[in-house]
Each structure stands twice: as C-alpha cells, then as structure tokens.
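The lines below spell out each chain.
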Amino acid sequence: MTTTGTRAHLTEHLDRGPLDNDELAAIIARDIPAGSYVNLGIGQPTLVADHLEPEAGVVLHTENGMLGMGAAAAGADIDEDLINAGKIPVTETPGASYFHHADSFAMMRGGHLDVCVLGAFQVSGHGDLANWHTGAPDAIPAVGGAMDLAIGAKNVYVMMNLFTKDGTAKLVPTCTYPLTGMRCVRRVYTHHALFDIDPDTETVSVRETFGISMAEIQSRLPVELS
Amino acid sequence: MSRTAICDTAAEAVAGITDGATVLVGGFGLAGMPTTLIDALIDQGASDLTIVSNNAGNGDTGLAALLAAGRVRKVICSFPRQSDSYVFDGLYRAGKIVLEVVPQGNLAERMRAAGAGIGAFFCPTGVGTPLAEGKELRTIDGRDYVLEYPIRGDVALIGAHVGDRAGNLIYRKTARNFGPVMATAAGVTVAEVSQVVDVGEIDPETVVTPGIYVDRILEVNR
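Computed from a predicted structure; not experimentally measured.

Rules used throughout
Residues numbered from 1 in each chain as written. Chains lettered and ligands numbered in written order. Predicted model: local features only at pLDDT ≥ 70, side-chain atom pairs only at ≥ 80, totals over all residues. pLDDT = per-residue confidence, 0-100. Contact = placed C-beta atoms within 7 Å. Helix = DSSP H or I, 4+ residues; strand = E, 2+ residues; numbered from the N terminus. Nonpolar A, V, L, I, M, F, W, Y, C, P; charged D, E, K, R; others polar. Pairing = 2+ DSSP bridges. Expected span 1.5 Å × (residues − 1). Buried ≥ 20, exposed ≤ 12 C-beta atoms within 10 Å, placed from the backbone. Axes fitted to C-alpha atoms, helices over the stretch in contact; angles between N-to-C directions. Parallel < 35°, antiparallel > 145°, perpendicular 65-115°, else oblique. Left-handed = near helix turned anticlockwise from the far one by under 90°.

Quick look at the confidence of the model for chain B now. Predicted confidence across chain B gives a mean pLDDT of 97, with 99% of residues reaching 70 or more. In the predicted complex, the global pTM is 0.96; the interface-specific ipTM is 0.96.

So, on to the interface of chain A and chain B. Taken together, the contact pairs 30 residues of chain A with 35 residues of chain B. If one sorts the elements of the side of chain A that touches chain B by residue count, helix H2 (residues 101-109) of chain A sits on top with 5 residues. Among the residues making up the side of chain A that touches chain B, the classes are represented as 16 nonpolar, 7 polar and 7 charged.

This paragraph deals with the sheet that holds strand E9 (residues 129-130) of chain A. All names here are of chain A. The mixed open sheet is built from 3 strands, whose spatial order is E9-E8-E11. Each end of this open sheet is capped by a strand with a single partner; those strands are E9 and strand E11 (171-172). Here strand E8 (residues 122-124) runs beside E9; their pairing, made up of 2 bridges, is antiparallel. The residue of E9 that forms the bridge with Val-123 is Leu-129.

Let us now look at helix H5 (residues 104-116) of chain B. With 13 residues, H5(B) should cover 18 Å at 1.5 Å per step; its first-to-last C-alpha distance of 18 Å lies within 8% of that length. In terms of burial, H5(B) is largely enclosed, as 12 of its 13 residues are buried. Where H5(B) is concerned, the buried positions are Gln104(B), Gly105(B), Asn106(B), Leu107(B), Ala108(B), Glu109(B), Arg110(B), Met111(B), Arg112(B), Ala113(B), Ala114(B) and Gly115(B). On its buried side, H5(B) packs onto H2 and helix H3 (146-152) of chain A together with strand E2 (22-25), strand E6 (121-123), strand E8 (143-148) and helix H6 (179-184) of chain B. Following H5(B) by one or two positions, Gly117(B) has its phi on the positive side, about 75 degrees.

Here H2(A) lies mainly inside the structure; 7 of its 9 residues are buried. Every buried residue belonging to H2(A) is among His101(A), Ala102(A), Ser104(A), Phe105(A), Met107(A), Met108(A) and Arg109(A), and all of these are buried. Residues of H2(A) that are buried make contact with H3 of chain A together with H5 and H6 of chain B.

Looking now at the environment of Ala69(B). For Ala69(B), the location among the structural elements is in the loop between helix H3 (63-68) and strand E4 (72-77). Spatially, the C-alpha atom of Ala69(B) lies 11 Å from that of Asp48(B), the residues being 21 residues apart in sequence.

All names here are of chain B. A sheet is described by the order of its strands in space; here 3 strands give the open sequence E6-E8-E7, paired in antiparallel fashion. Whereas interior strands pair on both sides, the edge strands pair on one side only; in this sheet they are E6 and strand E7 (137-140). Each strand of the sheet is rotated relative to its neighbour by a mean of 45 degrees, with strand direction disregarded. Relative to E8, E6 is paired through 3 bridges, and the arrangement is antiparallel. Each bridged residue has a counterpart across the sheet, and for Cys-123 the counterpart in E8 is Val-146.

Further remarks concern the packing of H2(A) against H5(B). The N-to-C vectors of H2(A) and H5(B) enclose an angle of 120 degrees; their axes lie 8 Å apart at closest approach. Judged on the interaxial angle alone, H5(B) and H2(A) are oblique. Pair H2(A) / H5(B) crosses with left-handed handedness. Contact residues: His101(A), Ala102(A), Phe105(A), Met108(A) and Arg109(A) in H2(A); Gln104(B), Gly105(B), Ala108(B), Glu109(B) and Arg112(B) in H5(B). Grouping the amino acids of the contact of H2(A) with H5(B) by side-chain chemistry returns 4 nonpolar, 3 polar and 3 charged.

Structure follows, in structure tokens:
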C-alpha cells in the first residue's frame, strides 16, 4: 500500500521494507541533476556512482585532485598514481582533468561543486553535520576533507542509516558529537525515509517513507517533522 | 647555469636539514610520496622535526619509519588515523608526539598562503567546530570565517614525474596532490622524479611547477 496521507508532499511506501544500500544510492543518483559536478564521500556514498546514468553527464570530483573520475580500477588498469580520496585505485573518463590540492579545495570552498554526498554520525534538525569524530577521549582525531566538503558544495546531501545498531536516532535536535559543519545539510537520505531540511526555518520535512509509517518515524525521532 | 641542483645521491638531496626543522612531505597515500627522500632523511639523522603531510605514515616504511626512529616532535596533518597507522597511533597514545589536525583544504591553503606571501586568511571551513576553537572569527557579508595562518616549511620533499635541469616539474595523475603547493612554501624544495630531462624537453605550456620553486632534483626509479 502506498498512501499520500494528509501531507501533500509525503508518500508512505508501506508495502515493502526499508531500502537497501543500493536502492538508496539509486534514489540519490536520480535526484542529482544532469550535468552536475559531484563529490561522493568515502563509505556508503561511493555506491551512488554505480547508479549514475552515463548520459546524465554527471562529473565526479575527488578532492585529491581530479575531475572526471571513473569507476574503480581492476587488474591491469590499476595505476598507483591514480587513486580516489579513499586511496582506492580508480580510472579516468574522457574529459578528465588533474589539479593540485589547493586548487581542488578552492573549487570546493568556492562553491563550484553542485552536490556533495556525505556519510554522517548525526545530523541536526537545522542541518548541522557531525561525521568526523565520535568525541571519545581515546579516539585519535582525523578530519581529512570532511569539513571543507561540508561547507563547500552548493548542496550537501547526507546518506546514512536513520538509526544506530541499538536503535538510537541519528537525526537529532542538536548534535552531541563534535561538529563537522554548521547548517550545511539540505537533504538526508536514509533507508527508512527521505528528509529535506530548511536551516532558515529549522524545519525537517519528510518526502517519502519506506516500510515504516510517518507516524512511527515521528514517534522514534526526537525531531519535530513537518 | 640553472640554480637548481641535479643531485647524484639521495644523501646530497637531503643534506643540510637541521634538527628542529619543519619538513613538508608530499603525497596522498602512496601517490606522489617521496619515499626515497624520506628514507634518505632517516639516514641523514635530523631530529626534533615537525612533519607537515596529509597522513602520518602507513605500515613500517617511509614516514612511519621516520616516526618510529623517534625523530619527529610534531605532525601537522589532516588524517593521521588509518588502518595501518599503528606507528603514529602508538606514539600519540604514549604522549610522545604532538598532533595538529588541520582540515585538508586548510592544510593546502595555509601552505599556498605561505608560498604566496599572504599573512593570513579568513576561511569558512571549520566554523562552529572544535578545530576553530580559540581562533579569531570574522563575519563578512553575513558569513562567518575563521582566521588561518600560513604554514611554511624549512624544507619540502615532494615526488614528481619528470623534471628538467632548470627545475621545471610535471606530475602524473593524482600523484600531483600537494606537490605544487609545497614546492612554493619551503625554503628549500627537493623533488624526486622518475626522469630528469634536458631543458627544452618539457613543453613550457605543460609545466606545473616552474623551476624557480625547485632547488634540488633527484632521479629515482619510481
């Protein structure tokens, strides 16, 4: 059963379970406009690349200095001078370009990238992102390019599980983990539901749910949903 | 004759690095990592070093070996913690090394500023995060920025693909990474390259790092 309920913008997919990682990645890929310049963060977001249609002309950026990144390299195509930000060997597509690190982050910070898809520990209802550090006293801090990506791209999407393994919500009123960026996340894609965040009005709206009703999501999240 | 020296040995390439020096080390993962120069620095013996690099060493070789030899006082990097960064992890947990974590883009831009004569710059990265604590904030046109200062090296050790006898460098694919920026930001820049060619053999239109930034070149089997 699929219903639109009382919220005109909401679709509840109740005739199925939550999305799997590939289904979620496919939805994100569908939402990326043709011709966009896109950075995909390490982890789950890299799956989005598998679902981009070649004819859409989306150009992938990797912060270690490349536009036009292709698929992961295998066998004889592996070249140790050609890796992505996760240090995985990749390939180049026609029209690719290379540049140094300062240029790569200038392009990001300067607002030239259209979309960045990142993983997260927590996202707040006003778009704050926490994805670099658990804050545990014995953890060794390591930030990489996460803070630059969070504030750089025109649109920051988060791809994450909505709940931790013990069921704790990751969409929260205020992040308890150290922040990566403030008021930077516009969309949150999870296996249970898709959320839009408006940092100006601090409203979180639900576009679609999967295998769970809007009412149940609201009961499990400590954030007011509209 | 060019001011750039073409070195015969790795020892010659790293000669003169002093105790307490700040050393910029290129590379992202193994791509662009000047492994021969790092090994030569281990043999050379300078200690109490500050190392500026994206990572803090992997496995037991390269930067990890320099750290393991007890020669590094401080690491300035964006991402020290990796699956095989156990040498750094052990020193850090034992309180034997100082760590300054810097967002990757700030790391690059702070070195760019040093090389470009910029005294400091306001940057939006990190606003509201622990990495901006204690730093000066400024609101410009409604957006918040953090004041960031340059990182200058006494020495830069970088990897490149081809260098000519005038010091001009070209790189290969993503091995370019920090090399061009570090080359501008150090008192002495040393590049290890796969091939040294005569002047005129690199098309001037394709030079990435002009020879003015490069003091020494060492040809290695990369």
